[in-house]
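This is what each chain is made of:
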Amino acid sequence: MKKYIPLKERTLENDIKYKAPLSYRYLRIIAWFFMGLAQLVIVFKIGSHLNAGLAKSFEPWITAFSYFSDLPLPLFLLANLALILQKKNEFKKQFIKFGSLAALFYILANVIVLHYMFETVHRLAPSVGFIGFSQGISSILCALGRVGYSMNIFIDLLLFVLTIFFLHYKPKKVFTGKKLYIFRSFVILPFLYEIGSLVIKALLADGKIRIITPFFFLLTSKPVYLFLAFFVLLLLMKLREFKHLKKHESEKLLSEHYKTNAHSFRVSITISVILFICFFLDLITVLVIASIYGATHPEFAQLGSYEIGIQYAQAIGFGWGSTILLIPIILLFSYTKKHKDPTIDLLVPLAGVGFIAVIYVEGLYQVTSYSLIETINKLKDLLVKIIDGSGEEGSSETPPPEAAVRLITSVKNLFIR
């Protein structure tokens, strides 16, 4: 009978036979597919709202595809995390890559909102001011929850690079020797950025503040517990590295262990366990927030204070329970698996964007062509609500929470029957 060897003690000589088949590339393909299914939910909801005859036939599809709406983001983050860890000695390139992408999408989002959208609306309604319009768009995006906050996912990826940088990079001139712990402590900076974003989201969703889109597009997009899950994963990986070096005192042996199937499988198991725990913590948090919100806002009783509380929790970054469905996929994933031809990686996002474009163009054409006049009237009604709640040009007056709830309800009603 062979002696049992723990996964953490495996080397290339006594490695396990199981080799996970999925790499970062396959996770991206799956994520784009799930994202396409999630966009179908929006198309079906719009169709159900515009045409009552379609509602009954769309309802089962909406219920089924809704479970996929939370899945693309963690898959994209995990795939990019794998690439970052594979090239964790190339931090300069990672900062340039994700920093440039974050800046590019930040500029693009603001140009679309503040140039094209504002000028179009201003021509239709000259009384709409620049500041008020920008604040109104931020409120709408907040009301849409994680969908609205997903405008700049590269802010999150840049924070991930920072987190890994402070945990893994070894300074050569500054913060060397015993001062290395000072450098490691800087890992709290991306964590504080996440907390700051959470506070702003909470105040914005409750109608306590209004912010313009240039500030809104700097907020993080991922759910709170998803950030916590990856943060804990990175800390555990660093702790295991420290313990391995302390026991064996050999970086060569550690490097060999990182190449084993056992190490990759152990990391996948760790990710699955962390997600499972965070799933229950997230569920409890949503129920607590909804209860507290309902108890502290009795004026919303007629609208359903508990339901509004759940929407509030989702708007600030909680409520991603369906992510637990990813565990079987993660157990088939190896973060160390590489590909020889990187050109295919460039084709995957192009195919994904094309897939989603076809869904929206064809889907919206089909559902709106039957109710074109109703569609125009509903968009006009929503625009009126934005104008009424945005205040005068340059006004800094903050609307009461009731205004925020009415705006959330209006946006929900546009997409949910």
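Just so we're clear, the structure is a prediction, and the values are computed from it rather than from any experiment. (Residues numbered from 1 in each chain as written. Predicted model: local features only at pLDDT ≥ 70, side-chain atom pairs only at ≥ 80, totals over all residues. Heavy atoms only, no water.)

Enquirer: Can you help me understand the overall build of the chain in this one?
Expert: When helices and strands are counted, the chain shows 18 helices and zero strands. Of all 417 residues assigned to the chain, the portion counted as buried reaches 47%. Within the chain, contacts between residues at least 6 apart in sequence are counted, and of these 83% link residues at least 24 apart. With the model as given, the accessible surface of the chain reaches about 22,200 Å², and the carbon-plus-sulfur share is 68%. (Helix = DSSP H or I, 4+ residues; strand = E, 2+ residues; numbered from the N terminus. Buried < 20%, exposed > 50% of the residue type's maximum accessible area, 1.4 Å probe, protein only. Contact = heavy atoms within 4.5 Å. Areas by Shrake-Rupley, 256 points an atom, 1.4 Å probe, with all protein chains shown as cover.)

Enquirer: What is the right way to look at the environment of S322 in this model?
Expert: In this fold, S322 is placed in the loop between α14 (305-315) and α15 (327-330). For S322, a relative accessible area of 13% puts it in the buried group. The spatial distance from the C-alpha of S322 to the C-alpha of Y67 is 5.7 Å, given a sequence separation of 255 residues. When neighbours within four sequence positions are excluded, S322 is seen to be in contact with Y67, D70 and L71.

Enquirer: Whenever I open this one, the pattern of salt bridges confuses me. Can you help?
Expert: Side chains bearing opposite charge may pair, as long as their charged atoms lie close to each other. Summed over the entire model, instances satisfying the criterion amount to five salt bridges. The shortest N-O distance in the salt bridge between K238 and E241 comes to 3.1 Å. Separated by three residues within a single helix, K238 and E241 lie in helix α11 (residues 224-248), roughly one turn from each other. Taking relative accessible area as the criterion, K238 reaches 16% and is therefore assigned buried. (Salt bridge = Lys/Arg side-chain N within 4 Å of Asp/Glu carboxyl O.)

Enquirer: I tried to follow the environment of L226 on my own but got confused; where do I start?
Expert: On the secondary structure map, L226 appears in helix α11. Taking the C-alpha atoms as reference points, L226 and C278, 52 residues apart in sequence, are found 7.7 Å from one another. In this structure L226 touches L73, P74, L77, L275 and W320, once residues within four positions along its chain are discounted.

Enquirer: Got a minute to help me understand the nonpolar core in this structure?
Expert: One broad rule of soluble globular proteins: the nonpolar side chains tend to lie buried together. Counting residues in each nonpolar core, the largest one holds 89 residues, and the members touching the most others are F216, F230, L233 and F318. Per-element tally for this core: the top contributor is helix α3 (residues 72-86), with 11 residues. (Core = buried A, V, L, I, M, F, W, Y, C linked by side-chain atoms within 4.5 Å.)

Enquirer: So what exactly am I meant to see when it comes to the side chain of H244 here?
Expert: Of note, H244 is situated in helix α11. Accessibility expressed as a relative area gives 11% for H244, which makes it buried. Sequence-distant contacts of H244, defined by excluding residues within four places in its chain, comprise K8, E249, L253, L254 and H257.

Enquirer: Can you help me understand the confidence of the model for the chain in this one?
Expert: Detailed conclusions should not be drawn from predicted coordinates in areas where pLDDT is low. Mean pLDDT over the chain: 79, with 81% of residues reaching 70 or higher. Mean pLDDT in the chain bottoms out at helix α18 (residues 401-415), which sits at 49, and peaks at α15, which reaches 91. Every residue in residues 390-402 is under pLDDT 50, and counting partners more than four places away or in other chains gives 21 contacts. Ignoring residues within four places in sequence, the model shows residues 410-417, a span with pLDDT below 50, making 23 contacts including any to other chains. (pLDDT = per-residue confidence, 0-100.)

Enquirer: I keep staring at the packing of aromatic side chains and nothing clicks. Help me out?
Expert: Inspection of every chain in the model, using the stated rule, returns 28 aromatic pairs. Taking the centre distance of 5.1 Å and the plane angle of 65° together, the rings of Y18 and F265 count as edge-to-face. Of this pair, Y18 sits in the segment before α1 (24-50) while F265 sits in helix α13 (residues 261-296), placing them 247 residues apart in sequence. Exposure remark for Y18: the relative accessible area of 34% places this residue in the partly exposed category. Using a relative accessible area of 23% as the deciding quantity, one classes F265 as partly exposed. Between F191 and F227, the ring centres sit 5.9 Å apart and the planes meet at 40°, which makes this aromatic pair tilted. With F191 in helix α9 (residues 188-205) and F227 in helix α11, the pair connects residues that are 36 residues apart, well separated along the chain. Taking relative accessible area as the criterion, F191 reaches 24% and is therefore assigned partly exposed. (Phe/Tyr/Trp six-rings, centres within 6.5 Å; stacked < 30°, edge-to-face > 60°.)

Enquirer: Help me understand helix α7 (residues 153-168), please; the structure alone is not making it clear to me.
Expert: Helical geometry note: an α-helix holds 3.6 residues per turn, so side chains three or four residues apart project in the same direction. Taking 1.5 Å of rise per residue, 16 residues should cover 22 Å, and α7 covers 23 Å from first to last C-alpha, within 8% of that figure. Buried residues dominate α7, accounting for 14 of its 16 residues. (Expected span 1.5 Å × (residues − 1).)

Enquirer: Which parts of the structure should I look at to understand the side chain of S197?
Expert: Mapped onto the secondary structure, S197 falls in helix α9. Residues in contact with S197, not counting those within four places in the same chain, are L219 and T220.

Enquirer: What is the right way to look at the environment of S138 in this model?
Expert: For S138, the position within the fold is in helix α5 (residues 130-143). Among the residues examined, S138 registers a relative accessible area of 0% and is labelled buried. The spacing of S138 and P214 is 76 residues in sequence and 9.3 Å in space, taken between C-alpha atoms. Leaving out residues up to four positions away in the same chain, S138 has contacts with L204, I211, I212, T213 and F216.

Enquirer: Looking at this structure, how should I read the packing of α3 against α11?
Expert: Describing two packed helices takes the angle between their axes plus the distance from one axis to the other. The N-to-C vectors of α3 and α11 enclose an angle of 25°; their axes lie 11 Å apart at closest approach. Relative to α11, α3 is oriented roughly parallel. Like other packed secondary-structure pairs, α3 and α11 cross with a definite hand, here right-handed. Contacts from L73, P74, L77, L78, L81 and L85 of α3 reach α11 at L226, F230, L233, L234 and M237. Of the residues in the contact of α3 with α11, the class split is 11 nonpolar, no polar and no charged. (Axes fitted to C-alpha atoms, helices over the stretch in contact; angles between N-to-C directions. Parallel < 35°, antiparallel > 145°, perpendicular 65-115°, else oblique. Left-handed = near helix turned anticlockwise from the far one by under 90°. Nonpolar A, V, L, I, M, F, W, Y, C, P; charged D, E, K, R; others polar.)

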